[in-house]
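A structural walkthrough
Letter by letter, the chains look like this.
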Amino acid sequence: MYLLTHEYRKKEKIFKLYLALFVLFGVVNTILIFFDSGIGKSSGLQIAANLSGSAVICDFAWRRKGWAVYVMKFAVWTNMAGLTLVISGAFKSLINN
């Protein structure tokens, strides 16, 4: 089935938004790994695995592979949920102290 021009543009905007959020969350997760385990104690292997895994998924998603697009969307939603819990926990601990 063919898409109209405005439908195609809307679908492209949504795809690019997911891709940008995926990259942003990858960077944020790397920063959280780096600071959570301590600056001197950060696991280089964990950071490298996180970045390389994100890069592979991002590359395949950019090529519009179906499985990678689904993995990317799933990762974006789970990262949004996880960061919401982290931020709410941080605010809760600030309020209680």
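Our structure is the block above this text.
The sections below set out a description of the structure shown in this document. Starting from 1, residues in each chain are numbered consecutively following that chain's sequence as written. Totals for whole chains, interfaces and linings use all residues, but because this is a predicted model, local features are given only for residues with pLDDT of at least 70 and pairs of side-chain atoms are given and counted only at 80 or more. Side-chain descriptors were evaluated using all non-hydrogen atoms of the structure, hydrogens and water having been removed beforehand.

Re the pattern of salt bridges
A carboxyl oxygen of Asp or Glu within 4 Å of a side-chain nitrogen of Lys or Arg is what we treat as a salt bridge. Summed over all chains, the structure comprises two salt bridges. Residues Arg63 and Asp59 are paired through a salt bridge, measuring 2.7 Å at the closest nitrogen-oxygen approach.

So, the environment of Ala75
The helix and strand labels rest on DSSP assignments: H or I over at least four residues marks a helix, E over at least two residues marks a strand, and numbering proceeds from the N terminus. When you line up the elements, Ala75 lands in helix H3 (residues 66-96). Here the alpha-carbon distance between Ala75 and Phe22, two residues 53 residues apart in the chain, equals 7.2 Å.

Observations regarding the environment of Met80
Mapped onto the elements, Met80 comes out in helix H3. In this structure Met80 comes out as partly exposed when scored by relative accessible area, which is 28%. Spatially, the C-alpha atoms of Met80 and Phe25 are 8.2 Å apart, while their sequence positions differ by 55 residues. The rule is simple: take the accessible area with a 1.4 Å probe, protein chains only, and divide by the maximum for that residue type; under 20% is buried, over 50% is exposed, in between is partly exposed.

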